[in-house]
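Close look at the chain arrangement
Here is what each chain is made of, one letter per residue.
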Amino acid sequence: MNILVIGSGAREHALIKALYRSPQSTSLFCYGTAINPGIRQLTKHYCAGDITDCAAVVSTAKLWNIELAIIGPEAPLEKGMADALWQAGIPTIGPQKKLAQIETSKEFARDLMKKHHIAGLPRYQKFATLNQVEEFLTELGEGNYVIKANGLMGGKGVKVAGEHLHSMTAALNFCKEILDKQQTILIEEKLIGQEFSLMCFADGKKLISMPLVQDHKRAYNGDRGPNTGGMGSYSDTNHSLPFLTAADVQEALEINNAVFHALAAEYDAPYIGILYGSFIATKKGIYVIEFNARFGDPEALNVLSILESDFVALCQAMVKGELHTSQVKFSPKATVCKYTVPEGYPDNPRKNFAVDFSQVGCQDHLYLSSVNQIDQQIMAEGSRTAAYVGIADSIDAAEKRAEVEISSIAGPLFHREDIGTQQLIQQRIDHMQRIRAS
Ligand code: GLY
């Protein structure tokens, strides 16, 4: 079976590794923005180009006789890549463009939740001009709002009062910036609590959940510094998270299911792919931060590293609408994922320097990201360089494994030592207890 993965970061490296582990006979192919040497090793053919160019990707897929495609990032989904591949007769993991609006338009996602009375919706208002913006910000109160661009802005479209915005002037300037980029504005109440990710496989008829994961957005230890694409993440042996109750998990799953059914009610098209709810546990219960229509990065690395099931069979069942819970098994292990990134990342990263991975003991759980191979040398390009997933019988033991391996990667790089440590996990638990008790 010829399988195509679109995208070339660590998430797609994890997808390729999971496919590669299948006992079925497969040939793997990649269409990415750059040549990732980790992916190239495992693929029969690899093309680097514009992954949002539907015509180019489809014609290459046809040339390679692709029988199944998996779309990694959100940008191709927004351009209708899934629609184009299905039209060409290629079953595809990743929702069609109209369904992917659940991620690509924040207003669409909020309006859908409102229309279908789905729980977990914060107060929000949409604006196409600056009219009434100041009034709504004042109504929400100083330090109590989040300003979002409606569409995709490469991770730069959200600013939070008190964290990135410290005055009304700064808030209004950010709104102007969004409008200048021809986007509309979504303003929401700020939520206080602990964030977590719940990703589900969707076969068009139902959702099957994956282990919950907590990501770490800030660049430096102690959740300090600028926001990043995600510096690392962890999951627990019971596939919940230490600061959540069973009722919290159930609430989040019900919200994902409600959104899945709302999309089905709005559009006569099956949602096939990943539905990823980004949630926050608050004093008042579980709220939705946003939805994504793809695997999370780094969350995909945690869950795919402990997927026991045959991922190829799982994907085949997904595109046929025949996925069964018995085909989705994760081992009862804890995982800790740590990214190593160039010095200066994310604002002013060093680029084009050699990275040495030779001291990494177990390469099975090493995932390459923003790197390139020149002759025999792997060069870092400037974004997140590589991630390592430690797997063990406790988060603490998984953290120690990840820490040893990620530290062994040589180059002018840094990572967060605190992700997955007992100290940070306890802080999360204590924070949640304080919030619930307040
Ligand atoms: N972990 C955040 C994301 O994938 O969007």
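Residues numbered from 1 in each chain as written. Predicted model: local features only at pLDDT ≥ 70, side-chain atom pairs only at ≥ 80, totals over all residues. Heavy atoms only, no water.

Of all hydrophobic cores here, the largest spans 129 residues; its most connected members are Ile102, Phe201, Phe295 and Phe311. In this structure, Tyr145, Leu165, Cys175 and Ile178 belong to the second largest nonpolar core, which totals 18 residues. (Core = buried A, V, L, I, M, F, W, Y, C linked by side-chain atoms within 4.5 Å. Buried < 20%, exposed > 50% of the residue type's maximum accessible area, 1.4 Å probe, protein only.)

This paragraph deals with the sheet that holds strand β9 (residues 185–189). Taken together, four strands build an open sheet; the order of strands is β6-β9-β7-β8 and the sheet is antiparallel. At either margin of the open sheet sits one strand with a lone partner, and together these are β6 (124–127) and β8 (158–160). Averaged over all pairs of adjacent strands, the angle between their axes in this sheet comes to 15°, without regard to strand direction. Pairing of strand β7 (residues 145–149) with β8 involves three bridges; the strand directions are antiparallel. Residue pairing across strands places Ile147 opposite Lys159, the latter belonging to β8. Along the sheet, helix α8 (residues 133–140) contacts β6, β7 and β9; its crossing angle with β9, the most-contacted strand, is approximately 15°. (Pairing = 2+ DSSP bridges. Helix = DSSP H or I, 4+ residues; strand = E, 2+ residues; numbered from the N terminus. Axes fitted to C-alpha atoms, helices over the stretch in contact; angles between N-to-C directions. Contact = heavy atoms within 4.5 Å.)

For the rest of this paragraph, the subject is the sheet that holds strand β21 (residues 371–374). Pairing is antiparallel across the open sheet formed by three strands, whose spatial order is β19-β22-β21. The open sheet has two edge strands with one neighbour each: β19 (353–355) and β21. Neighbour-to-neighbour, the strand axes of this sheet turn through a mean angle of 45°, independent of strand direction.

On the secondary structure map, Cys337 appears in strand β18 (residues 334–342). Judged by its relative accessible area of 0%, Cys337 falls in the buried class. C-alpha of Cys337 to C-alpha of Ala398: the two residues are 61 residues apart in sequence and 8.7 Å apart in space. Non-local contacts of Cys337, meaning those with residues more than four positions away in its chain, are made with Met231, Gly232, Ser233, Pro298, Leu301, Asn302, Ala387, Tyr388, Val389 and Ile419.

Around the ligand, the neighbouring residues are Asp215, Lys217, Tyr276, Asn292, Arg294, Gly296, Asp297 and Glu299. Asp215 places a side-chain nitrogen or oxygen 2.8 Å from a nitrogen atom of the ligand. The fraction of the free accessible surface of the ligand (200 Å²) that becomes covered by protein chains is 88%. Classifying every residue of the shell around the ligand gives one nonpolar, two polar and five charged. (Near = heavy atom within 4 Å. Polar contact = N/O pair within 3.5 Å; in protein donor to acceptor, adjacent residues only side chain to side chain. Areas by Shrake-Rupley, 256 points an atom, 1.4 Å probe, with all protein chains shown as cover. Nonpolar A, V, L, I, M, F, W, Y, C, P; charged D, E, K, R; others polar.)

Moving on to the environment of Gly143. If you trace the backbone, Gly143 turns up in the loop between α8 and β7. Residue Gly143 is classed as partly exposed on the basis of its relative accessible area of 27%. Sequence spacing of Gly143 and Glu189 is 46 residues, and the spatial spacing of their C-alpha atoms is 9.4 Å. Dropping the residues within four chain positions of it, Gly143 is found in contact with Ala161 and Lys190.

Quick look at the UniProt feature "domain: ATP-grasp" (unreviewed entry) in the protein now. According to UniProt, the "domain: ATP-grasp" (unreviewed entry) feature falls on residues 111–320. What you have in residues 111–320 is 30% helix and 30% strand, and the ends, taken at the C-alpha atoms, are 30 Å apart. (UniProt positions renumbered as here; feature names shortened; annotations may be inferred.)

Time to look at the pattern of salt bridges. A complete count under the given rule lists 22 salt bridges for this structure. Salt-bridge contacts for Lys148 lead to Glu188; the nearest nitrogen and oxygen are separated by 3.0 Å. Of the two residues, Lys148 is situated in strand β7 and Glu188 in strand β9; the sequence distance between them amounts to 40 residues. Glu188 sits in the buried class, given a relative accessible area of 3%. Among the salt bridges present, the one from Arg416 reaches Asp418, with a minimum N-O distance of 2.9 Å. Each member of the pair Arg416 and Asp418 is classed as buried. Several salt bridges converge on common partners, so that one network encompasses Asp223, Arg416, Asp418 and Arg428. (Salt bridge = Lys/Arg side-chain N within 4 Å of Asp/Glu carboxyl O.)

Summarising burial for strand β10 (residues 194–203): nine of the ten residues are buried, a large majority. In terms of strand pairing, β10 meets strand β16 (residues 272–282) through ten bridges, oriented antiparallel. The partner of Phe201 across the bridge, within β16, is Ile274. Looking at chain direction, β10 and strand β11 (residues 207–209) are connected through three bridges and run antiparallel. The residue of β11 that forms the bridge with Ala202 is Leu207. The antiparallel pairing of β10 with β11 creates a hairpin that spans three residues between the two strands, and Gly204 there sits at a positive phi of about 95°.

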